[in-house]
Amino acid sequence: MDERTLREVYLRPFESAVEDAGVKAVMTAYNRVDGVWSADSALLADVLRGEWGFEGTVMSDWFGLHSTVEGIRSGLDLEMPGPTLHRGPKL
């Protein structure tokens, strides 16, 4: 999808929750965004944490994480549920 559609249609409600409502936790979805699992998406680090300044917890939906390194690089804090499949000893 193009950048404008992503920001104006899909990201806008989340931006409002972060900036206006002051949420303290965000859960990623099961789906992919432009072919990348949402828990591994650069949108977490670049947009959520970078542009919007979100400092709260970012967690995967249950069994929504499919990586170790990519999830860490994206800024995912917590793999749900425990015990983890992609974290722990793998880190």
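For the structure itself, look to the data block above.
Reading the values: rules and limits
Here the residue numbers are simple positions, counted from 1 along each chain's written sequence. Per-residue local features are limited, in this predicted model, to residues with pLDDT of at least 70; the limit for side-chain atom pairs, both in listing and counting, is 80 or more; totals at the level of whole chains, interfaces and linings are taken over all residues. For the side-chain quantities, the full set of heavy atoms in the structure was used; hydrogens and water were omitted. Numbering of helices and strands starts at the N terminus; helices are DSSP runs of H or I of at least 4 residues and strands are runs of E of at least 2. A 3.5 Å cut-off defines polar contacts: any pair of N or O atoms within that distance qualifies, except that in protein one atom must be a possible hydrogen donor and the other a possible acceptor, and neighbouring residues in sequence count only when both atoms are side-chain atoms. Any pair of residues with heavy atoms lying within 4.5 Å of one another is described as a contacting pair. Side-chain atoms within 4.5 Å are what join buried Ala, Val, Leu, Ile, Met, Phe, Trp, Tyr and Cys residues into a set we call a nonpolar core. Only protein chains enter the accessibility calculation, which uses a 1.4 Å probe; a residue is then buried when its area is under 20% of its type maximum, exposed when over 50%, and partly exposed in between.

Colleague: Please provide a residue-by-residue account of the side chain of S67, values included.
Modeller: Take S67: it is sitting in the loop between strand 4 (57–59) and helix 3 (69–74). Within the structure, S67 has its side chain in polar contact with the side chain of D40 (distance 2.6 Å). A polar atom in the side chain of S67 sits 3.1 Å from the backbone nitrogen of G71. If near-sequence neighbours (up to four positions away) are discounted, S67 is found in contact with D40 and H86.

Colleague: Just give me the short version of the nonpolar core, but keep the residues and values in it.
Modeller: Grouped together as the largest cluster of nonpolar side chains are 13 residues, with contacts concentrated most on L11, V18, L48, W52, F54, V58 and L76. Of all the elements in the fold, those that place two or more residues in this core are helix 1 (3–19) and helix 2 (42–51). Among residues more than four places away in sequence, those in contact with V58 are V26, T28, L44, L48, R49, G75, L76, D77 and L78.

Colleague: Could you give me a rundown of unusual backbone geometry, with the residues and numbers involved?
Modeller: Across the junction of M80 and P81, the peptide omega takes the value -15°, indicating a cis bond. As for its placement among the helices and strands, P81 is situated in the segment after helix 3. In this structure, the amide linkage connecting G82 to the following residue, P83, adopts the cis form with an omega of -5°. With respect to the helices, strands and loops of the structure, P83 is situated in the segment after helix 3. At D34, a position not held by glycine, the phi torsion is positive, near 50°. Tracing the chain through its elements places D34 in the loop between strand 2 (32–33) and strand 3 (36–37). You will see that F63, though not glycine, has its phi angle at about 60°, which is positive. Tracing the sequence through the fold places F63 in the loop between strand 4 and helix 3.

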